[in-house]
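Below are the chains, spelled out letter by letter.
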Amino acid sequence: MSNLVEIAKKILLDNRRSGYTLPTNNKLYPAQWNWDSAFISLGYSYFNIDYAIEELETLLEGQWDDGMVPHILFHDEDDTYFPNHTTWSCGKEIPSSGITQPPIAASILSIIVKNNQLNEIQNRKVFNLVCKLKKYHEWFFKNRDKNQSGLISIIHPWESGYDNSPLWDYALSKVTIEKNLSYERRDLEVSNNDERPLNKDYDCYITLLNQFKTVNYNPNKLLNKSMFNIIDIGFNSIFLKANKDLLELLKLFKLDYLDFEEMINKTEDNIFDLYNEKENMFFSFDLKNNVQIKIPSLTNFFILFADLKNNDMNTKIIKNLEEFNIDEKYFFTTIKPDHHSFEEKRYWRGPIWINTNWIIYKSLINKNRSFAQKIKKQTIQLINQNGFHEYYSSKTGLPFGANNFSWSAALYLDFMLGIN
Ligand code: GLC
């Protein structure tokens, strides 16, 4: 077995705290993050199934009464992070942020259940997880589907998981920054300035957060009041796939699933409204400013992850994906390199991320196996050469951001040991 497989396992174990795992071992992210935890759980499933289940249990322990699962849970009240539990001040038993993140957990759980023979205790735990995930997904339909179209919207860039993507530039330019806004960034103390979001973006992030606090995170008010409200195609694709996977889990555990079938069909029909014929691409839609967001982002291709029944459409989109990174030494960049917003080093504005490669890889496995294998090979090679970092340059493969990054390690384990 490759030495790096052992190193990947060790990274997860070293980053593990009581029942959950930090995204990295440095001070950049000293808490539990929603979609990080889901990816991490998949990693554990290859060597410690109980840790895999516990990771999700701890995440879902932070679920709010209304069903929302926060994007961050602050199990340890750490004052070195900004914005931490006191800034969010949500008043929950497990201190948390007041927004969510891409709901990929059901898809991850479904892979784990398919790949493993669970004993009775583990099965009971998974049953509880499925019940909580059902409530989480219902929360989206109830609170984030403004037009009752089966398409849900996000209210903060952090909800997307790709925080400072150029996708949000226009929408953020319309946000009125709070007067006398004052806060202290802590991320720049532990990472390079030119790899992190700009201060002008942070001003928007914190203005939005402060606004949410004034309505006490009431979901109804948030949806109507937020100065940022977007139907993100990446987020919706992950959600559609997660609903399909959850549906299977509901059936498996003999839980009520009819509403889910209906919602999936509705989403699957209406998601085509986001298709732009001329560009042969699905684009996100800015509900606040009433415009389509025509930015060539890798996350637009997450539509392939949703496994649309329309094969002709899938084939057309894959054609486009094949041209996304033709001149790059390594792929996939988060933004198409010939776009003016592309930056080689800055966080979600260009670099390669292991989780986005993984999502695209999983999307293609049942549609274009050779392309999927090419992505797998290249991602493994990137890690073999440069280690388990947060993100990488598409020009040189050089790593940026945090080292010993948990989801890079976890997804490496899936690439190397997963049944595909
Ligand atoms: C950053 C990323 C987000 C991730 C978090 C923890 O905020 O943008 O996607 O979940 O860090 O790794």
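Up top is the structure these notes are about.
Okay, so let's go over this structure. (Residues numbered from 1 in each chain as written. Predicted model: local features only at pLDDT ≥ 70, side-chain atom pairs only at ≥ 80, totals over all residues. Heavy atoms only, no water.)

A closer look at the overall build of the chain
Broken down by element type, the chain carries 17 helices and nine strands. For the chain, whose C-alpha radius of gyration is 20 Å, the value lies close to the compact-globule estimate of 22 Å for 420 residues. Reported as C-alpha extents along the three principal axes, the dimensions of the chain are approximately 55 × 50 × 45 Å. Evaluated residue by residue, the chain yields a buried proportion of 63% over its 420 residues. Within the chain, contacts between residues at least 6 apart in sequence are counted, and of these 70% link residues at least 24 apart. Counting every atom, the chain has about 16500 Å² of accessible surface; 46% of that belongs to carbon and sulfur. (Helix = DSSP H or I, 4+ residues; strand = E, 2+ residues; numbered from the N terminus. Rg over C-alpha atoms; globule rule 2.2 N^0.38 Å. Buried < 20%, exposed > 50% of the residue type's maximum accessible area, 1.4 Å probe, protein only. Contact = heavy atoms within 4.5 Å. Areas by Shrake-Rupley, 256 points an atom, 1.4 Å probe, with all protein chains shown as cover.)

Brief notes about the environment of asparagine 368
Topologically, asparagine 368 is positioned in the loop between helix H15 (354–364) and helix H16 (369–386). For the pair asparagine 368 and isoleucine 318, spaced 50 residues apart in the sequence, the C-alpha separation amounts to 8.4 Å. Not counting chain neighbours up to four residues away, the residues in contact with asparagine 368 comprise Ile318 and Glu322. Within polar-contact distance, the side chain of asparagine 368 engages the backbone nitrogen of phenylalanine 371 at 3.2 Å. (Polar contact = N/O pair within 3.5 Å; in protein donor to acceptor, adjacent residues only side chain to side chain.)

Notes on the pattern of salt bridges
Here the structure, examined in full by the defined rule, presents 20 salt bridges. The residue aspartate 245 makes a salt bridge to lysine 241 at a minimum N-O spacing of 3.3 Å. Here aspartate 245 pairs with lysine 241, and both are found in helix H12 (residues 233–252), just four residues apart, close to one helical turn. Classification of aspartate 245 as buried rests on a relative accessible area of 8%. (Salt bridge = Lys/Arg side-chain N within 4 Å of Asp/Glu carboxyl O.)

Section: the site of the ligand
In the neighbourhood of the ligand, the contacting residues comprise Pro23, Tyr29, Trp33, Trp35, Asp36, Gln101, Gly161, Asp163, Tyr347, Trp348, Phe405 and Trp407. Between an oxygen atom of the ligand and a side-chain N or O atom of aspartate 163, the distance comes to 2.7 Å. Tyrosine 347 places a side-chain nitrogen or oxygen 3.5 Å from an oxygen atom of the ligand. Notes on the ligand: free accessible area 300 Å², of which the protein chains cover 96%. Comparing atom positions with the cavity grids shows the ligand to sit within the largest cavity. Of the residues assigned to the shell around the ligand, the class counts are eight nonpolar, two polar and two charged. (Near = heavy atom within 4 Å. 1 Å grid on protein atoms, 1.4 Å probe; cavity = no way out; pocket = protein on both sides within 12 Å on 5 of 7 lines; lining within 4 Å. Sits in = over half its atoms within 2 Å of the grid points. Nonpolar A, V, L, I, M, F, W, Y, C, P; charged D, E, K, R; others polar.)

Remarks on helix H1 (residues 3–15)
End to end, H1 covers 18 Å across 13 residues, agreeing with the expected 18 Å (1.5 Å per residue, within 8%). When we look at burial in H1, the residues that qualify are Leu4, Val5, Ala8, Lys9, Ile11, Leu12 and Asn15. Take H1 and look down its axis: the buried residues cluster within an arc of 155°, on one side only. If you follow the buried residues of H1, they end up packed against helix H2 (34–44), H16 and helix H17 (406–417). (Expected span 1.5 Å × (residues − 1). Arc of directions from axis to C-beta.)

Structural notes on the nonpolar core
Ranked by internal contacts, the top residues of the largest apolar core, which has 147 residues, are Ile104, Phe282, Leu321 and Trp358. Broken down by element, the residue count for this core peaks at 10 residues, all from H12. (Core = buried A, V, L, I, M, F, W, Y, C linked by side-chain atoms within 4.5 Å.)

Some details on the packing of aromatic side chains
Throughout the structure, instances matching the rule amount to 44 aromatic pairs. With 5.6 Å between their ring centres and 70° between their planes, phenylalanine 39 and tryptophan 407 make a pair best called edge-to-face. Linking phenylalanine 39 in helix H2 with tryptophan 407 in helix H17, this pair joins segments that are 368 residues apart in sequence. One Lys or Arg, arginine 16, reaches over the ring of tyrosine 51 and ends 3.4 Å from the middle of that ring. Stacked on the ring of tryptophan 64, the Lys or Arg lysine 92 has its end atom at 4.3 Å from the ring centre. (Phe/Tyr/Trp six-rings, centres within 6.5 Å; stacked < 30°, edge-to-face > 60°. Lys NZ or Arg CZ within 6 Å of the ring centre and 35° of its normal.)

Description of helix H5 (residues 105–115)
Of all 11 residues making up H5, nine are buried, and the element is well covered by its neighbours. Restricting attention to buried positions, one finds in H5 the residues Ala105, Ala106, Ser107, Ile108, Leu109, Ser110, Ile111, Ile112 and Val113. Here the buried face of H5 lies against H2, helix H3 (49–61), helix H6 (120–143), H12 and H15.

What to know about the sheet that holds strand E6 (residues 284–286)
With respect to topology, three strands assemble into an open sheet ordered E3-E6-E7, the strand pairing being antiparallel. On the outer flanks of this sheet lie strand E3 (230–231) and strand E7 (291–293), each paired with one strand and no other. (Pairing = 2+ DSSP bridges.)

Considering the packing of H15 against H16
Where H15 contacts H16, the two axes come as close as 8 Å, and the packing angle between them is 160°. Judged by the inter-axis angle, H15 sits roughly antiparallel to H16. In the packing of H15 onto H16, the handedness of the crossing is left-handed. Across the interface between the two elements, Ile354, Asn357, Ile360, Tyr361 and Leu364 from H15 touch Arg369, Phe371, Ala372, Ile375, Lys376, Thr379 and Ile383 from H16. In the contact of H15 with H16, the residues fall into eight nonpolar, two polar and two charged. (Axes fitted to C-alpha atoms, helices over the stretch in contact; angles between N-to-C directions. Parallel < 35°, antiparallel > 145°, perpendicular 65-115°, else oblique. Left-handed = near helix turned anticlockwise from the far one by under 90°.)

Observations concerning empty space enclosed by the protein
A probe as big as a water molecule, rolled over the atoms, marks out the empty space that is left. According to the stated counting rule, one finds three cavities of 30 Å³ or more in the structure shown. In this structure, the largest cavity encloses a volume near 270 Å³. Along the wall of the largest cavity there are 25 residues; nearest its centre are Tyr29, Trp33, Gln101, Asp163 and Tyr347. Counted by class, the lining of the largest cavity contains 17 nonpolar, three polar and five charged residues. (Points joined across faces, edges and corners; volume = space filled by probe spheres on them.)

Considering the side chain of glutamate 268
Here glutamate 268 is to be found in helix H13 (residues 258–270). Looking at glutamate 268, its side chain comes within polar contact range of the side chain of lysine 244, at 2.8 Å. With residues up to four places along the chain from it excluded, the contact list for glutamate 268 reads Leu240, Lys244, Asp307, Leu308 and Lys309.

Scope: geometric values only; no functional claims are made or implied.
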